[in-house]
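Each chain is listed here by its residues.
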Amino acid sequence: MKNKGVIARRKSGGGAVYHDLGNLCFSIISRKSQVQLCDYRNLICRALIEFGIHAEYNGRNDLVIGEKKFSGNAVRDDGKIVCQHGTILINTSIKTMNRYLTPDVKKLERNGVRSVVSRVMNLSEISDNITVKDFGHACIDVFQMQQLSVEIDMEDVLVRMNKYADTEWIFGRKMI
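Predicted, not measured: the structure shown is a model, and the values here were computed from it.

1. Overview of the pairing of strand β5 (residues 81-89)
Part 1: Burial analysis of β5 places seven of its nine residues in the buried class, which makes it a mostly covered element.
Part 2: Sheet analysis places strand β1 (residues 23-31) next to β5, joined by nine bridges and oriented antiparallel. Each bridged residue has a counterpart across the sheet, and for Ser 30 the counterpart in β5 is Val 82.
Part 3: The sheet contact formed by strand β4 (residues 68-77) and β5 spans seven bridges and is antiparallel.

Here it is in structure tokens:
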């Protein structure tokens, strides 16, 4: 790509996601039986409290403050394993993000939204103290508080990593 960007594809589907050094991406993989213990909504909101930020879940897989979204998320459930992942806007370039993620005008009109810029925000707008690095550490602290009894099958992890890094998967049409 012209700007040295990379395209990736998620098995969970959903809309497009923009990443830069001003946002934090996370994935939480757990057995389905333990998904309540590591629900991303609770864990992210608990980590935000460290910065005096109180957020809510809006029911569309978004975390919001007031009417503004700072985190979009997706969930993939294969019956045994659940992957929850998302992006948290901390100090990202909203202008650049909008340049890459311009939704169809008809979708905006259908949903009664004038612009995406008015719908999203950086957490740095709420707290001067929050950085990607510090919030990452807060997430790790909160996530480590959840004790899960899970054995990791590293062979399965490597098979999945190789599959989803393959260009045929990324640019292909089949969601297998």
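2. Details of the sheet that holds strand β3 (residues 62-65)
In any sheet, the strands associate via hydrogen bonds between backbone groups, in a parallel or an antiparallel arrangement.
Part 1: Read from one edge to the other, the open sheet built from five strands follows the order β1-β5-β4-β3-β2, with strand pairing classed as antiparallel. This sheet does not close on itself; its edge strands, each paired only once, are β1 and β2 (56-57).
Part 2: As paired strands, β2 and β3 are joined by two bridges and run antiparallel to one another. From the neighbouring strand, Glu 56 faces β3, where its bridge partner is Val 64.
Part 3: Lying over the sheet, helix α1 (residues 40-49) contacts β1, β2, β3, β4 and β5, oriented at roughly 135° with respect to β1.
Part 4: Taken strand by strand, helix α4 (residues 132-145) contacts β1 and β5, and its axis lies near 15° from that of β1.

3. A word on the confidence of the model for the protein chain
Part 1: Mean pLDDT over the protein chain stands at 81; residues scoring 70 or higher make up 80%.
Part 2: When mean pLDDT is taken per element in the protein chain, β3 scores highest with 93 and helix α3 (residues 105-110) scores lowest with 66.

4. Details of the packing of α1 against α4
Part 1: Where α1 meets α4, the axes come as close as 9 Å, and the angle between the chain directions of the two elements is 125°. Between α1 and α4, the angle falls in the class oblique. The handedness of the crossing between α1 and α4 comes out as right-handed. Across the interface between the two elements, Leu 43, Ile 44, Arg 46, Ala 47 and Leu 48 from α1 touch Phe 135, Ala 138, Cys 139, Val 142, Phe 143 and Met 145 from α4.

5. Quick word on the environment of Gly 22
Part 1: Structurally, Gly 22 can be placed in the segment before β1.
Part 2: The spacing of Gly 22 and Ser 124 is 102 residues in sequence and 9.8 Å in space, taken between C-alpha atoms.
Part 3: The contacts of Gly 22, once residues within four sequence positions are left out, are Ile 88, Leu 89, Ile 90, Asn 91, Thr 92 and Val 132.

6. Side note on the packing of aromatic side chains
Part 1: In this structure the tally under the stated criterion is three aromatic pairs.
Part 2: Ring geometry for Tyr 18 and Tyr 100: centres 6.0 Å apart, planes at 15°, overall stacked. In this pair, Tyr 18 sits in the segment before β1 while Tyr 100 sits in helix α2 (residues 94-100), placing the two residues 82 residues apart along the sequence.
Part 3: The exposure class assigned to Tyr 18 is buried, which follows from its relative accessible area of 13%.
Part 4: Here the aromatic rings of Phe 51 and Phe 135 are separated by 6.0 Å at their centres, their planes lie at 55°, and the arrangement is tilted. Residue Phe 51 is located in the loop between α1 and β2, and its partner Phe 135 is located in helix α4; the two are separated by 84 residues in the primary sequence. With respect to class, Phe 51 is no different from Phe 135; both count as buried.

7. Structural notes on the nonpolar core
Part 1: One finds Ile 44, Leu 48, Phe 70, Ile 88, Leu 123, Ile 130 and Phe 135 to be the most contacted residues of the largest nonpolar core, which totals 25 residues.
Part 2: The set of elements that each furnish at least two residues to this core consists of β1, α1, β3 and α4.
Part 3: The leading source of residues in this core is α1, at six residues.
Part 4: When near neighbours in sequence (up to four residues on either side) are disregarded, Ile 44 contacts Phe 26, Leu 63, Ile 88, Phe 135, Cys 139 and Phe 143.
Part 5: Formed by five residues, the second largest nonpolar core is a distinct cluster that contains Leu 89, Ile 94, Met 97 and Val 120.

Parameters at a glance
- Residues numbered from 1 in each chain as written.
- Predicted model: local features only at pLDDT ≥ 70, side-chain atom pairs only at ≥ 80, totals over all residues.
- Heavy atoms only, no water.
- Buried < 20%, exposed > 50% of the residue type's maximum accessible area, 1.4 Å probe, protein only.
- Helix = DSSP H or I, 4+ residues; strand = E, 2+ residues; numbered from the N terminus.
- Pairing = 2+ DSSP bridges.
- Contact = heavy atoms within 4.5 Å.
- Axes fitted to C-alpha atoms, helices over the stretch in contact; angles between N-to-C directions.
- pLDDT = per-residue confidence, 0-100.
- Parallel < 35°, antiparallel > 145°, perpendicular 65-115°, else oblique.
- Left-handed = near helix turned anticlockwise from the far one by under 90°.
- Phe/Tyr/Trp six-rings, centres within 6.5 Å; stacked < 30°, edge-to-face > 60°.
- Core = buried A, V, L, I, M, F, W, Y, C linked by side-chain atoms within 4.5 Å.

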